[in-house]
Amino acid sequence: MPPKSFGAYQLVKKLATGGMSEVWLARRRSGAQEPLVVKWILPHLSSDPSFVQMLLNEARVAARLNHPNIARILDLGEADGTFYIAMEYVRGEDLGQLMRQAWKAGQWISHPVSMRIMSECCAALAYAHSRTDESGRPLKVVHRDISPQNILLGLDGSVKLVDFGIAKAADLISTTEPGAIKGKFAYMSPEHAGGKPVDHRADIFSAGLVLYELLSGVRPLQRGTEAGTHIAAVQCQIEPPSAVSEVPSDLDAVVMGALARAPEDRYSTAAQLKRAIDQAAERNGWFAGPDEIASLVEILFPERLEVDRRLGLLEEQDEETQVDTGKKSPAKARTPALTPKPQRAVDPDASSDSDGDFEARALEYARVSERRPAVEEKPEKDEEAAITEPQPVAGRRSAERPPERNLERVEKPERGAERPVERAERGSGMQKARVGGGGDAPYRTGRDYPAARARADSRPEAPKGKARPPPDRATRVASPRRLMVLDGVDGDKGKVMPFPGVQMVVGRGDQCEMRLVDPSVSRRHLELVMGARGTYLRDLASDSGTRVNGKWVDERLLRHEDVIEIGVTRMQFMDEEEAARRTAEEAAIKAEEDKRRQEEEERQRAEEEAARLAAEEEARKQAEEEKRRQEEEAARLAAEEEARKKAEAEEEARKKAYEEAERNRPKPAPPGFSKRNWSALSPQQRL
């Protein structure tokens, strides 16, 4: 395909298309000819001024970042009616593609190379997080989307982070574009997945997840569904990497120190995480540098040089490079870039059908993780932490109820170690075991590791009050969200159930958080799930269906005062936070409109006053001009009159002179007289 023009650029090849933009390999039409990447915003987003403004603002901040591990932003603006960002082109592949390619080849990225990659990423994050403006104020740069897809490894051995600030704009479109952040929950911090404000420590958590995956080959928060992954991200129950794969146990403290659930229990800066990674690599005698990273890319994608050569992207020294397309690393690499892929340590009895599938391995770990127990509750915690604390999952059969057919009950000791696990052998028609369902040993979180524990212990203890009994599950958290029954059968009218977050099931079943008497309601009719955008309602394949505001729905993002109808029961969803936010937004909009109206009135008054003054000035100038014209006309008339009079006087004098000359001029001699004789005669004689 011949290159096509786009503003100041020639587009050479389309690299990717996402939910926000198209990514093209390009060159400048004039000047320097080195390749770059042009990312233009899709038309349906370019028409959203708030999204475009946020994207450009974040890109302007990111353009100020100048670090060898950050892909530079070279230009941004508008061309051909489309907003775009021009970025540095990295000749290589993203880390996600490299991991998939290695797994397909029966290999995995070696631990030394993995540690080096994440050390370089942490160096980029430490630089970005510490940037200030000209006045010394922190820019508070947060990437928000540290994931393998945004870590690029170059053929020159470079490691670069891309898309700083893009995720913040993506969060904005997620309020209007369903599924805009689909697939990102597996790398989200708990506060980000729970819709809370985030800071630089969210990037540290995400970097810890990528390091976990590189070392173990396991994606710890991945579940079989997006909703399951979202809940896992909020609950943040992660085992140390040595428990799931062949990872040295001394790396557990390094990784889990970044994966503490509470932000204050993590590494406080990315520089601390980088130092911990470097020290662990040194203890284990691991060394990896640019040569090893370049070797990794060349071995897994040997065709890249040929592709770049066809596109004319290779410089002279690159064309002379010999690419090793065999199974061993190039001679310049001192440390093997690849090792045999890790053996499964999560489920030895599982089927081996997914051995060659990296995604299937993540889902296998997810199935096992969903059967492990939740972290034991601590007697005292703040209300905010309780909102995202793992809640009992509705619908799981209690120990008191007899097990139904095709269920196996594994008897475990009573309280203190494990709870019974009930596992469905049938398909999707049976309720599957979920998080908190039992297992061999409770999870350890980031708080259980020395670095996080030392930071937690160093903080002053809050004054302890009188011990309180544990509240009932339904009322354990004061929540601004609740369901209120407006109408229904006698036993349901007036019921109010607070929704503390994570998950709540509504139905006739005994294990439902909100249990209804209405016989037309299914045992597990619907569930509410807390997401990054708000509270989702999902119909659980109920018999009578679910309507929201009169419309049948399977899944919907609830808003304040939405009316939900199931069977003969009418409920209303109340969200005080949204109501307060809506009130504040309306007040802000009204204040803005009032301010705009006042400014418009002041502008109109200023324009009217300016017009009046201009009219007066114009009238004054016209009067002066008229007066000057009249004076000039009078002067002209006076001059003309003076000239006329002068001409008349001159004419009169001329006439008089003529007459006098005529009188004095001698008359000619009459016939018969000579001139001498006639002149000698006196006048009397002449008569």
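Residues numbered from 1 in each chain as written. Predicted model: local features only at pLDDT ≥ 70, side-chain atom pairs only at ≥ 80, totals over all residues. Heavy atoms only, no water.

A word on the pairing of strand S18 (residues 526-530)
Inference 1: Of all the 5 residues making up S18, 5 are buried; the element is thus mostly covered by neighbouring parts of the structure.
Inference 2: Judged by which residues are buried, S18 turns out to be covered on both faces: Leu 526, Leu 528 and Met 530 on one side and Glu 527 and Val 529 on the other are all buried.
Inference 3: Examined bridge by bridge, strand S16 (residues 503-507) and S18 share 4 bridges and lie antiparallel to one another. In the sheet register, Met 504 faces S18, and the bridge partner there is Leu 528.
Inference 4: Two strands pair when backbone bridges link them, and S18 and strand S19 (residues 535-539) are joined in this way by 5 bridges, in the antiparallel orientation. (Buried < 20%, exposed > 50% of the residue type's maximum accessible area, 1.4 Å probe, protein only. Helix = DSSP H or I, 4+ residues; strand = E, 2+ residues; numbered from the N terminus. Pairing = 2+ DSSP bridges.)

Section: the pattern of salt bridges
Inference 1: This model, assessed by the stated rule, comprises 36 salt bridges.
Inference 2: The closest approach of N and O atoms between Glu 617 and Arg 620, which form a salt bridge, is 2.1 Å. One end of the pair, Glu 617, and the other, Arg 620, are both in helix H17 (residues 576-664), 3 residues apart, so they sit about a helical turn from each other.
Inference 3: A relative accessible area of 39% places Arg 620 in the partly exposed class.
Inference 4: Across the salt bridge formed by Glu 632 and Arg 628, the nearest N and O atoms sit 2.4 Å from each other. Of the two residues, Glu 632 and Arg 628 are both situated in helix H17; the distance of 4 residues between them amounts to about one turn of the helix.
Inference 5: On the basis of relative accessibility, which here comes to 43%, the residue Glu 632 falls in the partly exposed class. (Salt bridge = Lys/Arg side-chain N within 4 Å of Asp/Glu carboxyl O.)

What to know about the sheet that holds strand S5 (residues 73-79)
Inference 1: As summarised here, the arrangement of the 6 strands in space is S1-S2-S3-S4-S6-S5, forming an open sheet in which the pairing is antiparallel. Of all the strands in the sheet, the pair left with one neighbour each is strand S1 (4-6) and S5. Pairwise comparison of adjacent strand axes, ignoring direction, gives a mean angle of 40 degrees for this sheet.
Inference 2: The pairing of strand S4 (residues 36-41) with strand S6 (residues 82-88) spans 5 bridges and is classified as antiparallel. Bridge pairing links Val 38 to Ala 86 in S6.
Inference 3: Those strands touched by helix H2 (residues 49-62) are S4, S5 and S6, and its axis lies near 155 degrees from that of S5. (Axes fitted to C-alpha atoms, helices over the stretch in contact; angles between N-to-C directions. Contact = heavy atoms within 4.5 Å.)

A word on the sheet that holds S16
Each strand in a sheet pairs with another by means of backbone hydrogen bonds, the pair being arranged parallel or else antiparallel.
Inference 1: One open sheet accounts for 5 strands, arranged S17-S16-S18-S19-S22; its pairing is mixed. Taken across any chain shown, the strands that pair with only one partner, and hence form the sheet edges, are strand S17 (514-515) and strand S22 (555-557).

Some points on the packing of helix H4 (residues 111-129) against helix H11 (residues 290-300)
When two helices pack together, their arrangement is captured by the angle between the axes and the distance separating the axes.
Inference 1: Taken N-terminus to C-terminus, the directions of H4 and H11 make an angle of 110 degrees; their axes are 10 Å apart at the nearest point. Overall, the two elements H4 and H11 adopt an arrangement that is roughly perpendicular. Residues Val 113, Arg 116 and Ile 117 of H4 touch H11, and the partners they reach there are Pro 290, Glu 292, Ile 293 and Leu 296.
Inference 2: Here the contact of H4 with H11 is composed, by residue class, of 5 nonpolar, no polar and 2 charged. (Parallel < 35°, antiparallel > 145°, perpendicular 65-115°, else oblique. Nonpolar A, V, L, I, M, F, W, Y, C, P; charged D, E, K, R; others polar.)

Some remarks on the environment of Arg 91
Inference 1: Summarising the element assignment, Arg 91 is placed in the loop between S6 and strand S7 (92-94).
Inference 2: Expressed as a C-alpha distance, the spacing of Arg 91 and Arg 304, which sit 213 residues apart in the sequence, is 8.3 Å.

Here's the deal with the nonpolar core
Inference 1: One finds Ile 117, Met 118, Ile 151, Leu 153 and Leu 296 to be the most contacted residues of the largest nonpolar core, which totals 94 residues.
Inference 2: Among the elements that make up this core, the one with the highest residue count is H4 (10 residues). (Core = buried A, V, L, I, M, F, W, Y, C linked by side-chain atoms within 4.5 Å.)

Observations regarding the packing of aromatic side chains
Inference 1: Enumeration according to the criterion identifies 5 aromatic pairs in this entry.
Inference 2: Centroid distance Phe 6 to Tyr 84: 5.6 Å. Interplanar angle 80 degrees. Geometry classified as edge-to-face. Taken together, the residues Phe 6 in strand S1 and Tyr 84 in strand S6 connect sequence positions 78 residues apart. Of the two residues, Phe 6 and Tyr 84, both sit in the buried class.
Inference 3: Ring centres 5.5 Å apart and planes at 90 degrees place the aromatic pair Trp 103 and Trp 108 in the edge-to-face group. An identical accessibility class is assigned to Trp 103 and Trp 108; each is buried. (Phe/Tyr/Trp six-rings, centres within 6.5 Å; stacked < 30°, edge-to-face > 60°.)

A short note on unusual backbone geometry
Inference 1: Positive phi values are uncommon outside glycine, yet Lys 140 reaches one of about 55 degrees.
Inference 2: Among the secondary structure elements, Lys 140 is positioned in the loop between H4 and strand S9 (151-154).
Inference 3: Lys 140 sits in the exposed class, given a relative accessible area of 70%.
Inference 4: Of note in the backbone geometry, Asp 163 takes a positive phi value of approximately 65 degrees without being a glycine.

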